[in-house]
Amino acid sequence: MKLRLGFLLSAIILAACAHNTSTPTSFRLPSWSIPKGLARPVTLPESLPEEIISETATPFLPVEPTPADPQPIQLAEGGCCSLPMWSQDSQWVIFLDEPGEYASAGLYGIPITGGESTIVNDQVGVYSKSRTLVAYPEAGRVYVERWADGTRWAVPSEGRIVSFSPSGRFITWAVGSRSIRYPDVRQSTIWVADFDGKNAHEVITVNGGYLIGWDVGEKGIYVTGRLGPSMPSGIWHVNLETSAARLVMEAERPRSALLSPGGSYIVFYIALSSDLEANGLWVVPTDGSPGIKLDLFGAYRWRYDDMLVVIPLEMDAPGISLWQVDASSGEALQLTYPELTSISIANNDWQISPDGRQMVYLSAEDRNLWVLRLPNR
Amino acid sequence: MDNQRIMNGKKRRGNPVWFFRGLLLVVIVAAIGGISFLDAQSGSAAQQEDPPFAFPFAGEPGPDSWYFIQAYGNTDFAYRFRNSTYVAGQGLHFGVDIAAPCGTPILAIGDGTVYSVDSWHGAAPHNLMINHDNGYASFYGHLLVRSHLKKGEKVVQGQVVGQVGDPDLTCASRPHIHLEIRSIGHTRAYNPLPLIDADWERLALIGGAPHIFEMDMDNPRKWQNMLDQPDTRFGYPLLNDYKDAWPPDW
């Protein structure tokens, strides 16, 4: 009996200890607010009348957002939400969420003018750029559904999730080994089909590579890797019909490649190469012109077709700063200063709106989404 | 036989030895539970005000030196391999991965005593476990060569304890260190990020894509930040075997 009591007590204690995660807080409707504590240091004159001193005798004064020094604005609350995206018109921030006990999981959105989080679609999946099509797995198959009328098609990806071409006319998926080891030699075969799964065909097999994106006319795709044992590693353009490949730039293991919105440039980085000159952040024109290595290294997203935003990896800096980099020249211009625009990003989770005017980021301070208007310098 | 059983029962009920044995068991298990509770608190907290450990590399991060590649916890990568590579760690990535060229010196994150060199704990080709006086142990995996240290040897924070290696043994494939912080009994792993003095959010600012944590679509906000991740109890059931997950498995 005592033993049973002992076990019972222990079980209760252990159960209490095992519950070590915080219960999600309820979702409050978001509203606009200026972040607290943002202030600009000011220099006060050596002598001031007493009545003025009493009001201003502080080393900091509140600062209003100005075109030159933008201030982030809180968009969501309650720890909401990771992996934000933008609507095509740049007017909404969209994310996966389940905002309350009685709400369904799905795609939610908040207008950048502020307001309530509203459900956009209760189907969790990969959306086309226009969000008229959504792909999702179900019972071991993948379906593409047209949101307008609910028509859906099973696509022959054998359960692998697909992504859409920019126009939504095509889908693509990769077939490869499930392995962690030897990523540089693992094979991945890239398939393309019409959005409804018809005309599915293999396009190319890459070794140690991945799909970057589509060319402007959707006649071809850009991939990284090696297309054969004797072929160089790099960035390739591959024709969808003929599988003919053109080397855009030779590079050992280009990492985290992003195609610019208009398809004119690809940015990527090379790290830990024995060729020290190769290590760094690169921008290469997709027409095959020579690429350039940037002076900055860190996190990056495209702002316009020929303009990057880079957050330099600088551990000694007082905070995060945004830089704008001209893709054609490599010329860099500082957009924000940490002393004037306080930004803290969690998980490297930030995205720039399609119109290039704003960025949304997951705050490392409060785990909520914030929006920053990007200045034009 | 029945009498004997009854007698034994009476004897046990009347014997204080059994009472104290039961009480002792309660105390022991409760103590373990208490340690577990403390461990859980320390491992799940946000960045600690005064992290007890130092960073395992010297110098600045960069494409030539070292950089942060995978966080601890419920990463999308670990989710994909939850039934294989990470099954013993409840489907979580139970350490932090930092890429660096082969041969890069690895520094002890705290004072301690070498517990094991090249033990069965995995992370080939070589590994090292150091026990610390503060109730934690640190584990350094994928070392290039066997550590020069011996079991029982004292180490101090910042001392070179090994060199970065490559689990694929090529030094060109994926050279990196897999660093864990465990309980002193080595049965639990904690999120190293709040326990190591570094600006991890800033270190994560590399590349064109975010660090992704697998979403449980029944609770999509859970474990979505690199500093807010659950402890790992080795050998226990998966924590991320979600009914509806995002990104989907492939």
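What counts and how
- Residues numbered from 1 in each chain as written.
- Chains lettered and ligands numbered in written order.
- Predicted model: local features only at pLDDT ≥ 70, side-chain atom pairs only at ≥ 80, totals over all residues.
- Heavy atoms only, no water.
- Contact = heavy atoms within 4.5 Å.
- Buried area = accessible area lost by both parts, 1.4 Å probe.
- Salt bridge = Lys/Arg side-chain N within 4 Å of Asp/Glu carboxyl O.
- Polar contact = N/O pair within 3.5 Å; in protein donor to acceptor, adjacent residues only side chain to side chain.
- Helix = DSSP H or I, 4+ residues; strand = E, 2+ residues; numbered from the N terminus.
- Nonpolar A, V, L, I, M, F, W, Y, C, P; charged D, E, K, R; others polar.
- Pairing = 2+ DSSP bridges.
- Disulfide = S-S within 2.5 Å.
- Buried < 20%, exposed > 50% of the residue type's maximum accessible area, 1.4 Å probe, protein only.
- Phe/Tyr/Trp six-rings, centres within 6.5 Å; stacked < 30°, edge-to-face > 60°.

Draft legend 1. Here's a closer look at the interface of chain A and chain B. Listed per partner, the contact involves 72 residues of chain A and 63 residues of chain B. Buried area between chain A and chain B, summed over both chains or domains, comes out near 5,700 Å², and the portion from carbon and sulfur atoms is 62%. Counting the contacts that link chain A with chain B gives 2 salt bridges. Between D97 of chain A and R221 of chain B there is a salt bridge, with its nearest N and O atoms 2.7 Å apart. Between chain A and chain B we count 25 residue pairs in polar contact (both at pLDDT 80 or more) in total. When contributions to the side of chain A that touches chain B are tallied by element, the ones reaching two or more residues are helix 1 (2-18), strand 5 (92-97), strand 20 (255-259), strand 21 (265-270), strand 24 (298-304) and strand 28 (345-352) of chain A. Residue classes in the side of chain A that touches chain B are distributed as 40 nonpolar, 18 polar and 14 charged.

Draft legend 2. Region of the structure containing the pairing of strand 16 (residues 211-214) of chain A. All names here are of chain A. Pairing analysis gives 3 bridges linking strand 16 to strand 17 (residues 220-226), with the strands arranged antiparallel. Its bridge partner being in strand 17, W214 is matched across the sheet by I221. Between strand 16 and strand 17, which pair antiparallel in sequence order, lie 5 residues; one of them, E218, sits at a positive phi of approximately 60°.

Draft legend 3. Summary view of the state of the cysteines. Here the structure, examined in full by the defined rule, presents 2 disulfides over all chains. Paired by a disulfide, C80 of chain A and C81 of chain A hold their sulfur atoms 2.1 Å apart. Because the torsion about its S-S bond is -100°, the bridge between C80 of chain A and C81 of chain A counts as left-handed. Grouping residues by exposure puts C80 of chain A and C81 of chain A together as buried. Disulfide pairing is shown between C102 of chain B and C171 of chain B; the S-S distance is 2.0 Å. On the sign convention where negative means left-handed, the S-S torsion of about -95° between C102 of chain B and C171 of chain B marks this disulfide as left-handed. Of the two residues, C102 of chain B sits in the loop between strand 2 (96-99) and strand 3 (105-107) while C171 of chain B sits in the loop between strand 8 (160-163) and strand 9 (176-183), which places them 69 residues apart along the sequence.

Draft legend 4. Inspection of the packing of aromatic side chains at higher detail. All names here are of chain B. Under the definition given, this model contains 19 aromatic pairs over all chains. Seen in terms of ring centroids, F53 and Y136 are 5.8 Å apart; in terms of plane orientation they differ by 75°. Their pairing is edge-to-face. With F53 in the loop between helix 2 (16-44) and strand 1 (67-70) and Y136 in strand 6 (residues 136-143), this pair connects stretches of sequence that are 83 residues apart. Like F53, the residue Y136 is buried in the burial classification.

Draft legend 5. Expanded view of the sheet that holds strand 5 of chain A. Residues and elements named next belong to chain A. If you walk across this open sheet you meet the 4 strands as 4-5-6-7, and the pairing is antiparallel. The open sheet has two free edges, formed respectively by strand 4 (85-86) and strand 7 (118-121), since each of these has just one partner strand. The pairing of strand 6 (residues 106-111) with strand 7 spans 3 bridges and is classified as antiparallel. Note that in strand 7 the partner of Y108 across the bridge is I119.

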